[in-house]
Amino acid sequence: MQVEVLTDEDGLKGAWFAATIIEPSGEDKYLIEYKTLTNDDDTEFLREDIRACNIRPCPPEIIVVDGFKVMDEVDAYYNEGWWVGVIAKVLINCNYVVNFIEYDEKITFNQADLRPHQDWLNDKWVVPSDV
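Residues numbered from 1 in each chain as written. Predicted model: local features only at pLDDT ≥ 70, side-chain atom pairs only at ≥ 80, totals over all residues. Heavy atoms only, no water.

**Student:** Outline the UniProt feature "domain: Agenet" (unreviewed entry) in the protein chain, listing residues and values.
**Tutor:** Residues annotated by UniProt as "domain: Agenet" (unreviewed entry) correspond here to residues 1-63 and 66-122. What you have in residues 66-122 is 0% helix and 60% strand, and the ends, taken at the C-alpha atoms, are 29 Å apart. (UniProt positions renumbered as here; feature names shortened; annotations may be inferred. Helix = DSSP H or I, 4+ residues; strand = E, 2+ residues; numbered from the N terminus.)

Encoded structure:
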């Protein structure tokens, strides 16, 4: 099953990473294999036991026709995972400055590396403005 996994590892906290569930590995835990994170020598994808509360289905794709606007909450693909941020500035050519409040950092992204942020609540996907 294809999923996204939230990790507690330093430097990666708060990001969701694409993974595949390999098998159950204990009470309320699963062995997963990351799709983008590799072991230290980059020879194979990293496998790890993850608590079920840190696993969610992959969010449905939302097509953004008119682009994003300032203050839109987005997920930005950065360092192999999806990080939650807020659009701070709209630039030309479908580029955006995203503010990562938790890390006090702003980074420029192309729209292709952004998606509308969604939360997995009560077994369904919810856009924050709908909460």
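**Student:** Kindly report on the environment of glycine 14, identifying the contributing residues and their values.
**Tutor:** Note that glycine 14 resides in the loop between β1 (2-6) and β2 (15-24). In this structure glycine 14 comes out as partly exposed when scored by relative accessible area, which is 34%. Taking the C-alpha atoms as reference points, glycine 14 and tryptophan 83, 69 residues apart in sequence, are found 6.6 Å from one another. Setting aside its immediate chain neighbours within four residues, glycine 14 contacts Leu6, Thr7, Trp82 and Tyr103. (Buried < 20%, exposed > 50% of the residue type's maximum accessible area, 1.4 Å probe, protein only. Contact = heavy atoms within 4.5 Å.)

**Student:** Now, about the layout of surface pockets: what can you tell me, with residues and values included?
**Tutor:** Taken as a whole, the largest pocket spans an internal volume of roughly 230 Å³. Lining the largest pocket we find 14 residues, and of these Glu61, Ile62, Leu114, Arg115 and Pro116 sit closest to its centre. It is strand β10 (residues 114-116) that contributes the most residues to the lining of the largest pocket, three residues altogether. A breakdown of the residues in the lining of the largest pocket according to their chemical character gives ten nonpolar, two polar and two charged. (1 Å grid on protein atoms, 1.4 Å probe; cavity = no way out; pocket = protein on both sides within 12 Å on 5 of 7 lines; lining within 4 Å. Points joined across faces, edges and corners; volume = space filled by probe spheres on them. Nonpolar A, V, L, I, M, F, W, Y, C, P; charged D, E, K, R; others polar.)

**Student:** So, the pairing of strand β3 (residues 29-38): which residues are in play, and what are the values?
**Tutor:** Two elements, β2 and β3, share five bridges in a ladder whose sense is antiparallel. Residue pairing in the sheet places glutamate 23 in a bridge with leucine 31 of β3. Following β2, the chain reverses through four residues before pairing antiparallel with β3; glycine 26 in that reversal takes a positive phi of roughly 135°. Counted between consecutive antiparallel strands, the loop separating β3 from strand β4 (residues 45-51) contains six residues, among which aspartate 42 sits at a positive phi close to 55°. (Pairing = 2+ DSSP bridges.)

**Student:** With reference to specific residues and values, describe the side chain of glutamate 4.
**Tutor:** Positionally, glutamate 4 belongs in strand β1. With a relative accessible area of 3%, glutamate 4 lands in the buried category. Of the polar contacts made by the side chain of glutamate 4, one reaches the side chain of arginine 56; its length is 2.7 Å. If we ignore the near neighbours within four places in the chain, the residues touching glutamate 4 are Trp16, Phe17, Asn54, Ile55, Arg56, Pro57, Cys58, Pro59, Trp82 and Arg115. (Polar contact = N/O pair within 3.5 Å; in protein donor to acceptor, adjacent residues only side chain to side chain.)

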